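Coordinate inspection notes
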Amino acid sequence: MKIMIAGASGLIGTQLAAELRRLGHDVTAASLSLGVDTVIGKGLDAAMTGADVVIDVTNAASFGDSSALDFFKASTKNLLAAAAEARVRHYLALSVVGTPRLVESDYFRAKAVQENLIRASTRPYTILRSTQFYEFINGVIDIGAEGNVVRLPPAPIRPVWAREVAAFLAELSAGDPLGNIVEIGGPEQFGIDDIARIYLSANEDPRQVITDPSTSYFGVELSGDVLLPHVGARVGSQTLSEWLYRSMAA
């Protein structure tokens, strides 16, 4: 198949492109650094020509203000329009577990708009919601960093290896559009505060983690299991300790 990846230069996009090529697919990698601007539509029609499947793994540069909404509205509309023009048979997009329950956050509200645009379009689609990647644990820690301490909530999360998310996207791209949302999460559950302690200890970082339920997560105060995937979600196999060992040995 011919598959176009929007956001191909990012963490997921680069691994996804490699996996799809390994499987023998004809991959067109599209990103701003490769001359394709999904926000203004530059280069989209050429990148989409002949594509059977489009995989949207684009992401906003900012997580804490209204620019994320501007990005996802413009980018998704342009991608869907180009996909319709090219008669793409399957529009596959990556989103985030918990999106509908976290719309008080600017970022998650933007992701909800992206999902709604896809669902309301005429393109056959599949949306994959993923939990937080192991590779972004450091970014979560930065949310609560205050000098020598880190304040984070104890909300439960099931982080997942980005490579397993990319592999699942590749698998979904080979199948028929589901017209629905599916999810993926990791094999272990931690509190956000606990996973920060494990990560900092593994990296010999002396900062102390303080459990603080009031610390916001990308602009929203967490409650309950909003970051956990639903029953029936795909479960990754790579544990946190295995990933830490792999990442430090690299």
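Up top you'll find the structure we're talking about.
Please read these numbers as outputs of a predicted model, since none were measured by experiment. (Residues numbered from 1 in each chain as written. Predicted model: local features only at pLDDT ≥ 70, side-chain atom pairs only at ≥ 80, totals over all residues. Heavy atoms only, no water.)

1. Observations concerning the pairing of strand β7 (residues 149-152)
Bridge analysis of strand β6 (residues 145-146) against β7 gives 2 bridges, and the strand direction is antiparallel. Across the sheet, alanine 145 pairs through a bridge with valine 150, a residue of β7. In this antiparallel pair of consecutive strands, β6 and β7, the connection spans 2 residues, and glycine 147 shows a positive phi of 65 degrees. As paired elements, β7 and strand β11 (residues 208-211) share 4 bridges and run parallel to each other. Looking at β11, one finds that valine 150 is bridged to valine 209. (Pairing = 2+ DSSP bridges. Helix = DSSP H or I, 4+ residues; strand = E, 2+ residues; numbered from the N terminus.)

2. With respect to the layout of surface pockets
Estimates place the volume of the largest pocket at around 760 Å³. If you trace the largest pocket, you find 37 residues lining it, with Val57, Thr58, Asn59, Tyr107 and Phe136 closest to the centre. Secondary structure elements with two or more residues in the lining of the largest pocket: α1 (11-22), β4 (90-96), α4 (106-120) and α5 (137-143). (1 Å grid on protein atoms, 1.4 Å probe; cavity = no way out; pocket = protein on both sides within 12 Å on 5 of 7 lines; lining within 4 Å. Points joined across faces, edges and corners; volume = space filled by probe spheres on them.)

3. Here we look at the nonpolar core
Nonpolar side chains tend to gather and get buried jointly when the protein is soluble and globular. Counting residues in each nonpolar core, the largest one holds 33 residues, and the members touching the most others are Ile192, Tyr217, Leu222, Leu227 and Leu240. Those elements that place two or more of their residues in this core are α3 (67-85), α4, α5, β7, α7 (192-202) and α8 (240-249). Ranked by residues supplied to this core, first place goes to α7 with 5 residues. When neighbours within four sequence positions are excluded, leucine 240 is seen to be in contact with Tyr134, Ile137, Glu188, Phe190, Ile195 and Ile198. (Core = buried A, V, L, I, M, F, W, Y, C linked by side-chain atoms within 4.5 Å. Buried < 20%, exposed > 50% of the residue type's maximum accessible area, 1.4 Å probe, protein only. Contact = heavy atoms within 4.5 Å.)

4. A word on the sheet that holds strand β2 (residues 26-30)
With parallel pairing, 7 strands are arranged side by side in an open sheet as β2-β1-β3-β4-β5-β9-β12. One side of each edge strand has no neighbouring strand; the edge strands of this open sheet are β2 and β12 (234-235). Alignment of strand β1 (residues 2-6) against strand β3 (residues 53-56), held across 4 bridges, turns out to be parallel. Note on β3: the bridge partner recorded for methionine 4 is valine 54.

5. Observations regarding the environment of leucine 20
With respect to the helices and strands, the residue leucine 20 is situated in helix α1. The spacing of leucine 20 and alanine 170 is 150 residues in sequence and 6.2 Å in space, taken between C-alpha atoms. In this structure, leucine 20 is in contact with Ile3, Ile5, His25, Val27, Ile55, Ala170 and Ser173, ignoring residues within four places of it in sequence.

6. So, the pattern of salt bridges
Here the structure, examined in full by the defined rule, presents 9 salt bridges. With a shortest N-O distance of 2.5 Å, aspartate 106 and arginine 109 are connected by a salt bridge. Here arginine 109 and aspartate 106 lie together in helix α4, a separation of 3 residues that amounts to about one turn. On the basis of relative accessible area, aspartate 106 is assigned to the partly exposed category, the value being 28%. As a salt-bridge pair, aspartate 193 and arginine 197 come within 3.5 Å of each other at their nearest N and O atoms. You can see aspartate 193 and its partner arginine 197 sitting in helix α7, 4 residues apart, about one turn around the helix. For aspartate 193, a relative accessible area of 5% translates into the label buried. The partly exposed category is assigned to arginine 197, whose relative accessible area is 31%. The structure contains a network of salt bridges with shared partners spanning Asp193, Asp194 and Arg197. (Salt bridge = Lys/Arg side-chain N within 4 Å of Asp/Glu carboxyl O.)

7. Description of empty space enclosed by the protein
Tallying each qualifying case throughout the model produces 1 cavity of 30 Å³ or more. The space that makes up the largest cavity amounts to roughly 60 Å³. Contributing to the lining of the largest cavity are Gln132, Ile137, Val140, Ile157, Pro159, Ile192, Ile195 and Tyr217. Among the secondary structure elements, those contributing two or more residues to the lining of the largest cavity are α5 and α7. Residue composition of the lining of the largest cavity, grouped by class: 7 nonpolar, 1 polar and no charged. (Nonpolar A, V, L, I, M, F, W, Y, C, P; charged D, E, K, R; others polar.)

8. Concerning helix α6 (residues 162-173)
In a regular helix each residue adds 1.5 Å, so 12 residues correspond to 16 Å; α6 covers 17 Å between its end C-alpha atoms and thus fits that length. For α6, the tally of buried residues reaches 9 of 12 residues, placing the bulk of the element in the interior. Within α6 the residues assigned to the buried category are Ala162, Glu164, Val165, Ala166, Phe168, Leu169, Ala170, Leu172 and Ser173. (Expected span 1.5 Å × (residues − 1).)

Everything listed is a geometric property; what it means functionally is a separate question.
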